[in-house]
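Analysis of the macromolecular model
Listed below, chain by chain, are the residues.
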Amino acid sequence: MDRQDLQKQMIQEALKCGFTDCEVFYLGGESFEVLLMEGEVSNYENSSEAGISFRGTYHGRTGYAFSERLEEDCIPFLIESAKENAMLMSEDEHEELFAGEIYPEFSGYYPELERVCVEKRIQLAKRMEEAALNGAESIASLDYCVLGIGKREVSIVNSLGLDISFTKNFASSYVSAIARAGDETKKGSAFWKGTDWAEFNPEETGRKAAKRGAELLGASSVNSGTYKVVLDGKAMTSLLSSFSGIFFGENVQKGFSLLKDRVGEQIASSCVTLRDDALLEGGYASVPFDSEGVAGKNKAVIEKGYLKTLLYNRKSAKKDDVASTGNGFKTGLTAPVKTACTNFYIQKGEKTLEELFLQMENGLFITDFMGLHAGTNGVSGDFSLSAEGFLVELGKIVRPVEQITVAGNFYTLMKDILEVGEDLYFAAGGKGSPSVLIQGMSVAGK
C-alpha cells in the first residue's frame, strides 16, 4: 500500500470507529552528508526517515497518535491510541481541522541535484577544503568542512477533503578555517546553500572562509564609547533570528513581546522592509503550505518602517480574530503546531558595503556576535553581546577588532537603521539580512 492510500484508508477506518473528523500528516526526508578532515572522509551519512501523525476528534476531544511504520497493520493501533489520548484531553483543547483553500504553484524540487554522483559530491567538498587551506598563508587547519543534500516531503489528508503534498530539496556546504599567528588563532567561515550545483563555486567558498580568518589576526580592542556601526549580513541575521519571536502573534498574546496593539504603527526606520516569504524561489524555508494546510504567502511584516502584520498559526489567529498567515508549523511528527517563520529577511537596499563604509565614515564593522543565547532578552529586546569585526576610519577598514561588548535594544536598533545594503545574506534556517548601517551603538572595550 502506498503512502496516500494508507492515509486515506486510515481516515475511513477512523470515521467508522467514532471519530467525527480526522487528519493524517505525513513527513518524510532523506539526507546525504559528507564531512572531510585533512583530505579524507571522516564522516559519511546517507539516511532517510518517514512517519505519520494522526489527529482526530473523538467525543468532542482531540486525540493524537504517531508511527514511523507505514504499514496497513499499524492503522488499528493508531486509531485506538488516538482514542485513549483524546479521552485524557479537555474539550477546551479541541482543534478544528482545515478544509483547504487555493494554493500557489510551487517548484521546490530539483531532481538534477540528486543526479550528481557521490564521488562527484566528495570531489566538490575536497576542492572547497583545498581552497580554504591554501586561501591564506596563515591558515593552519580547518575546523569543519561539510557538504550535503537534504530532501523533504510533506502530505496532509483529512476528512474535510484536504489532500495536498509537496517535495523540496536543496544542497548546502560549510567550511570553517583556522588562521594562526604565534599564539593567536582566529576562525573564518563561509556557507553556501542552493538548488543548482552550477551555482556552487567550491574554490570561492573555501577562499572566502580563509580570507575572513586571516583578516581577523592581529585584532585588538577599541576605547569604550558610542560608535556608528555597520552590521554585516551574518551579524544582523543572528540578531534578527534571536528576536524573531517578538513578531509571533502567540507570543504577543502571552505578553512575551512589546508589539501588542502596535500593528499600523511605525516601529522601524523607513528604509526597513521585513518580509516573511514562504514562496521565495530557491529559499531554504519555502513551502506552498504550512503544517495546518494554510497556503504559504509572501507578506511584509514591516513595510517602510510600519508594522503591517504579526505572524499567526490558526489557533493564535482565531484569538485575534484575523486570518492565519500560514506560519503554523510542526518541527517533527510528535511536535505540536507552533508559530514559525518561513524565509524571514530584511529586504535588500541598493548600496554596496563600500558605500555603507563611506557613509559611516568612522565607526565599527561588526562581522560576528557571540553568546546569543545568554546575552539576549527575547521579551524586552535588550542584548549585550561579545563581538568582533573591524575598525573603519574615513570609510576604509584599518584593522581588526576583538574583545568588545556591544549592548543595545532590538526595538531601538530597528529604528536606528540609517541604510540597508544590497548584499542580502541567508543563514541555514531561511532567515537573512543585508548589511545595515546603524546610527549608534554602545560599545564596551578598553
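Every chain is numbered on its own, with residues counted from 1 as its sequence reads. With pLDDT at 70 or above as the cut-off, local features in this predicted model cover only qualifying residues; side-chain atom pairs require 80 or more to be listed or tallied, and sums for whole chains, interfaces and linings still use all residues. Here the side-chain values reflect all heavy atoms present in the structure, with hydrogen atoms and water set aside.

On to the overall build of the chain. The secondary structure content of the chain amounts to 10 helices and 20 strands. Computation of the radius of gyration draws on C-alpha atoms, with the globule rule given as 2.2 Å multiplied by the number of residues to the power 0.38. What you see for the chain is a C-alpha radius of gyration of 24 Å, in line with the 22 Å of a compact globule of 446 residues. Taking the principal axes of its C-alpha atoms as reference, the chain extends roughly 75 × 55 × 35 Å. Relative accessibility under 20% of the residue-type maximum defines a buried residue, over 50% an exposed one, and the middle range a partly exposed one, all with a 1.4 Å probe and only protein chains included. Counting only residues that meet the buried cut, the chain has 50% of its 446 residues in that class. Two residues form a contact once any of their heavy atoms are found within 4.5 Å. Residue pairs at least 24 apart in sequence account for 70% of intrachain contacts in the chain once pairs closer than 6 positions are excluded. Per-residue and other accessible areas were derived by the Shrake-Rupley procedure at a 1.4 Å probe size, with only the shown protein chains allowed to occlude residues. Entry remark: accessible area of the chain is about 20,300 Å², with carbon and sulfur atoms responsible for 47%. Under the DSSP-based scheme used, a helix requires at least four consecutive residues in state H or I and a strand at least two consecutive residues in state E, with every element numbered from the N terminus.

A word on the UniProt feature "domain: Metalloprotease TldD/E N-terminal" (unreviewed entry) in the chain. As annotated by UniProt and renumbered to match this structure, "domain: Metalloprotease TldD/E N-terminal" (unreviewed entry) occupies residues 22-86. End-to-end, the C-alpha atoms of residues 22-86 are 12 Å apart, and along that stretch the chain is 18% helix and 65% strand. UniProt positions are given in the numbering used here, feature names are shortened, and annotations may be inferred rather than shown by experiment.

For helix α4 (residues 118-133), which comprises 16 residues, the first-to-last C-alpha distance of 23 Å matches the rise-based estimate of 22 Å (1.5 Å per residue) to within 8%. Buried residues of α4: R121, I122, L124, A125, M128, E129, A131 and A132, and no others. On its buried face, α4 is in contact with β1 (21-37), β2 (40-58), α3 (112-115), β4 (139-158), β5 (163-181) and α5 (202-215). Helix span is expected to be 1.5 Å times the residue number reduced by one.

Our focus in this paragraph is the environment of Q347. Here Q347 is to be found in the loop between β13 (343-346) and α9 (353-360). Along the sequence, Q347 and L424 sit 77 residues apart, while their C-alpha atoms lie 7.6 Å from each other. With near-sequence residues (within four places) excluded, Q347 lies in contact with T273, R275, V420 and P434. What qualifies as a polar contact is a pair of N or O atoms within 3.5 Å, subject to a donor-acceptor requirement within protein and to the restriction that residues adjacent in sequence count only when both atoms come from side chains. A distance of 3.3 Å separates the side chain of Q347 from the side chain of R275, its partner in a polar contact.

What follows deals with the state of the cysteines. Criterion for a disulfide: a pair of cysteine sulfur atoms at a distance within 2.5 Å. Tallying each qualifying case throughout the model produces 0 disulfides. For the unlinked cysteine C117, the closest cysteine sulfur is that of C145, found at 17 Å.

So, on to a negative patch on the surface. A cluster of like negative charges, contributed by E354, E355, E422 and D423, occupies part of the molecular surface. Locating D423 in the fold gives a position in the loop between β17 (417-420) and β18 (425-426). Using a relative accessible area of 30% as the deciding quantity, one classes D423 as partly exposed. Only residues whose relative accessible area exceeds 30% and that form no salt bridge are eligible for patches; like-charged ones are grouped when within 9 Å, while nonpolar side chains (Val, Leu, Ile, Met, Phe, Trp, Tyr) are grouped when within 5 Å. For this document, the term salt bridge refers to a Lys or Arg side-chain nitrogen within 4 Å of an Asp or Glu carboxyl oxygen. Positive: Lys, Arg. Negative: Asp, Glu. His and the chain ends are not part of the count. A charged residue contributes its charge at one atom only: NZ of Lys, CZ of Arg, CG of Asp or CD of Glu.

For the domains described, the bounds stem from an automatic or database domain assignment. Under the domain assignment used here, the chain contains domain 1 (3-212) and domain 2 (220-445). A separation of 24 Å is found between the C-alpha centroids of domain 1 and domain 2. In this complex, domain 1 contributes 31 residues to the contact, which on the side of domain 2 involves 34 residues. Note on definitions: buried area is the accessible-area loss of two parts on being combined, 1.4 Å probe, summed for both. Counting each side, the surface lost to burial between domain 1 and domain 2 is near 2,600 Å², with a carbon and sulfur contribution of 60%. One can count 3 salt bridges joining domain 1 with domain 2. Residues E96 and K318 are paired through a salt bridge, measuring 3.2 Å at the closest nitrogen-oxygen approach. Sort the elements by how many residues they give to the side of domain 1 that touches domain 2 and β5 lands first, with 5 residues.

Look at any regular strand and the pattern is simple: side chains alternate between the two faces of the sheet. At least two DSSP bridges between two strands are required for those strands to pair. Bridging between β1 and β4 involves 13 bridges; their strand directions are antiparallel. Looking at β4, one finds that S31 is bridged to G150. Of the pairings in the sheet, the one linking β4 to β5 comprises 17 bridges and is antiparallel in character. Pairing of S141 across the sheet is with I178, part of β5. Between β4 and β5, which pair antiparallel in sequence order, lie 4 residues; one of them, G161, sits at a positive phi of approximately 105°.

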